[in-house]
Amino acid sequence: MRLHTIHQPHIPSMKRIAYLLPLLLLLVGCKDNIDFDSISGRSKLVVYCMPTASDTTYLRVSRSIPVKAYADSVRLTYVDNAQVTYSVNGQPHEAQPIGSGFYRVAAPQKAGDRIDLRVSAPDEAEVNASAVIPEPVPVTAVAVKEVSLYVREYSTTRTFDQLTATFTDDAPRSDYYAVRVRVKHYQGQAIGYADHGRTTWLFADYADYLQNRHRMDWDSLRVEFTDSAYSYPQVFTESEPLLMPVTELDENFGFSNDFYGNLYIFNDRLISGKTYTLHLNINRNPGIFGYGDWEGRGEDYHFAYAYQVELLRISPEYYGFLRALNDINNNELANAGLSLIRPLNSNIANGLGLLGTWSPSSTAWMMKDVVETPSK
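Please read all numbers here as calculations on a predicted model, not as lab measurements.

Basis of the calculations
Residues numbered from 1 in each chain as written. Predicted model: local features only at pLDDT ≥ 70, side-chain atom pairs only at ≥ 80, totals over all residues. Heavy atoms only, no water. Patch = residues over 30% accessible without salt bridge, like charges linked within 9 Å, V, L, I, M, F, W, Y side chains within 5 Å. Areas by Shrake-Rupley, 256 points an atom, 1.4 Å probe, with all protein chains shown as cover. Salt bridge = Lys/Arg side-chain N within 4 Å of Asp/Glu carboxyl O. Helix = DSSP H or I, 4+ residues; strand = E, 2+ residues; numbered from the N terminus. Buried < 20%, exposed > 50% of the residue type's maximum accessible area, 1.4 Å probe, protein only. Phe/Tyr/Trp six-rings, centres within 6.5 Å; stacked < 30°, edge-to-face > 60°. Pairing = 2+ DSSP bridges. Axes fitted to C-alpha atoms, helices over the stretch in contact; angles between N-to-C directions. Core = buried A, V, L, I, M, F, W, Y, C linked by side-chain atoms within 4.5 Å. Contact = heavy atoms within 4.5 Å. Lys, Arg positive; Asp, Glu negative; His and termini not counted. pLDDT = per-residue confidence, 0-100.

*Asks:* I keep staring at a nonpolar patch on the surface and nothing clicks. Help me out?
*Replies:* A cluster of nonpolar side chains, Tyr58, Ile98 and Phe102, forms an exposed patch at the surface whose accessible area comes to about 260 Å². If you trace the backbone, Tyr58 turns up in strand E2 (residues 54–63). Of the residues examined, Tyr58 reaches a relative accessible area of 44% and is grouped as partly exposed.

Okay, here's the thing in structure tokens:
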């Protein structure tokens, strides 16, 4: 069985329309003159590469499609015969093509290393970029607990698992971050034996075991974690000011607050040099979308959950690129052609794309506190 997602057409609320009408009236009579002849008819190399402290880096090379040549039938053209020079602190390393425009570089690198990238291809101008891998910022776990919040998007109060984690920003400079939550989903079972083996009790899940393991005198108890899988769930930003939760006025003017790839970016403008605690809300008992087969085997991974906060320090170029992606996705007016679309940032000289560096740190794994039922 295949699952298909049906996208319902977006119908603005009457309240939103009331806010938008004055703006639309202001736009009447505005005129933009766009001279397509002034747009270059040549394609450019597009390079995406995101190095971090590791021993292997991947990059992808393709060609852009000029506006004049664009058609619905045109597909992105990957470049498998590019000449790639990838240097770490001035030391060049071979980039091995592996197909579909991807190249692999085996080059040990660490925080503080400078990456220089040059790419050329037949009939295309050479492109280049440079960046430094930033130092990681340690992050420490605090707790996981349940919180109830009113969610304006759904007009109801919902209960979330809230993760708190603390880090200290470096004061002397402007820093850019991304944060995400990693969930480990466990398969397993918990069994209690009583009455000299005549009674066997299968607990519903690990939380049920923690709550009820003292309710009776067991001959023995057995807990087994048999398998695990990972996911990066959506974070609901209502409790975290650094993630710029939208106001009611923002919503009325067509702005939302989704983050590309569930990677939640922010800068240190409000916390420069301070120790700060993040508050990140996720759905309780998160599922694993698309994991397993189409018969719903992802449901098997609901025995227990562990949580981890990952904090990434990212380069300014990486931040600017992700910020532009978010602005495009969250601006309903721009997507409807009623305002300008922010261009994507690129630090690839003579071309397009991104050389974005980053360094990760993560908390210890946390499990949600469960109140045990006292023995009778």
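*Asks:* Would you take a moment to explain the packing of aromatic side chains for this structure?
*Replies:* To describe a pair of aromatic rings, one takes the distance between the centres and the angle between the planes. Taken as a whole and assessed by the stated rule, the structure comprises 16 aromatic pairs. Aromatic pair Phe167 and Tyr177: ring centres 5.3 Å apart, planes at 55°, arrangement tilted. Note that Phe167 is positioned in strand E11 (residues 156–168) and Tyr177 in strand E12 (residues 176–194), a separation of 10 residues in sequence. Exposure remark for Phe167: the relative accessible area of 1% places this residue in the buried category.

*Asks:* Sorry, what's going on with the sheet that holds strand E8 (residues 114–121) here?
*Replies:* What links the strands of a sheet is backbone hydrogen bonding, and the strands pair in either a parallel or an antiparallel sense. Read across the open sheet, the four strands follow the order E5-E4-E8-E9; overall the sheet is antiparallel. Of all the strands in the sheet, just strand E5 (91–93) and strand E9 (124–132) have a single pairing partner and so form its edges. Strand after strand, the sheet turns through a mean of 20° between neighbouring axes, direction not considered. Inspection of the sheet shows strand E4 (residues 83–88) paired to E8 by six bridges, in the antiparallel sense. In the sheet register, Ser87 faces E8, and the bridge partner there is Asp116.

*Asks:* Any chance you could explain the sheet that holds E11 here in plain terms?
*Replies:* Overall, antiparallel pairing links the three strands, which are arranged E10-E11-E16 in an open sheet. The strands lining the two open edges of the sheet, one partner per strand, are strand E10 (139–151) and strand E16 (275–283). Ignoring strand direction, the axes of neighbouring strands in this sheet form an average angle of 25°. Relative to E16, E11 runs antiparallel, the two sharing nine bridges. Within E16, the residue paired with Leu163 across the bridge is Leu280.

*Asks:* Help me understand the nonpolar core, please; the structure alone is not making it clear to me.
*Replies:* Burial of nonpolar side chains together is a common tendency in soluble globular proteins. Counting 38 residues, the largest nonpolar core has Phe167, Phe266 and Ile314 as the members making the most contacts within it. Looking at this core, the elements with two or more residues in it are E10, E11, E12, strand E15 (264–267), E16, strand E17 (304–314) and helix H4 (316–330). Phe266 has contacts with Phe167, Tyr176, Tyr177, Val179, Leu242, Leu243, Ile271, Leu278, Leu311 and Tyr319, leaving out every residue within four places of it along the chain. Grouped together as the second largest cluster of nonpolar side chains are 24 residues, Val61, Val84, Tyr86 and Ala129 included.

*Asks:* Where do I start with the side chain of Lys184 in this structure?
*Replies:* Following the sequence through the fold, Lys184 ends up in strand E12. Buried charge without a salt bridge: Lys184, with Asp227 as the nearest opposite-charge side chain at an N-O distance of 10.0 Å.

*Asks:* Sorry, what's going on with the side chain of Ser315 here?
*Replies:* Among the structural elements, Ser315 can be located in the loop between E17 and H4. The class for Ser315 is buried, based on a relative accessible area of 5%. Residue contacts for Ser315: discarding those within four places in its chain leaves Gly356 and Thr357.

*Asks:* Would you explain unusual backbone geometry in this entry?
*Replies:* Trans is the common state for peptide bonds, and a negative phi is the common state for residues other than glycine. Phi at Asn89 is positive, roughly 50°, even though this residue is not glycine. Summarising the element assignment, Asn89 is placed in the loop between E4 and E5. For Asp195, which is not glycine, the phi torsion reads 55° and is therefore positive. The topology assignment puts Asp195 in the loop between E12 and strand E13 (199–202). Looking at Asp195, the relative accessible area reads 41%, which means it is partly exposed.

*Asks:* Looking at this model, I keep getting lost on the pairing of strand E6 (residues 95–99). Mind explaining?
*Replies:* On any regular strand, side chains alternate: one points to one face of the sheet, the next to the other face. Two elements, E6 and strand E7 (residues 102–109), share four bridges in a ladder whose sense is antiparallel. Paired with Ala95 across the strands is Val105, a residue of E7. Between E6 and E7, which pair antiparallel one after the other, the connecting turn spans two residues, and Ser100 there sits at a positive phi close to 55°.

*Asks:* It is not clear to me how the confidence of the model for the protein chain should be interpreted in this structure. Could you clarify?
*Replies:* As a note on interpretation, predicted positions should not be read in detail where pLDDT is low. Across the protein chain, the average pLDDT comes to 80, with 74% of residues at or above 70. Across residues 1–39, confidence stays below pLDDT 50; counting only partners more than four residues off in sequence or on other chains, it has 28 contacts. Throughout residues 333–342 the model reports pLDDT below 50, and contacts reaching past four residues in sequence, or to other chains, amount to 19 contacts.

*Asks:* Any chance you could explain the pattern of salt bridges here in plain terms?
*Replies:* In a structure, side chains of opposite charge can pair up when their charged atoms sit close to one another. Going through the model one piece at a time under the given rule, you end up with 13 salt bridges. For Glu146, the salt bridge goes to Lys368, with nearest N and O atoms at 3.1 Å. Of this pair, Glu146 sits in strand E10 while Lys368 sits in the segment after strand E19 (358–362), and the two are 222 residues apart along the sequence. Between Arg313 and Asp170 there is a salt bridge whose closest N-O contact spans 2.7 Å. You can see Arg313 sitting in strand E17 and its partner Asp170 sitting in the loop between E11 and E12, a full 143 residues away along the chain.

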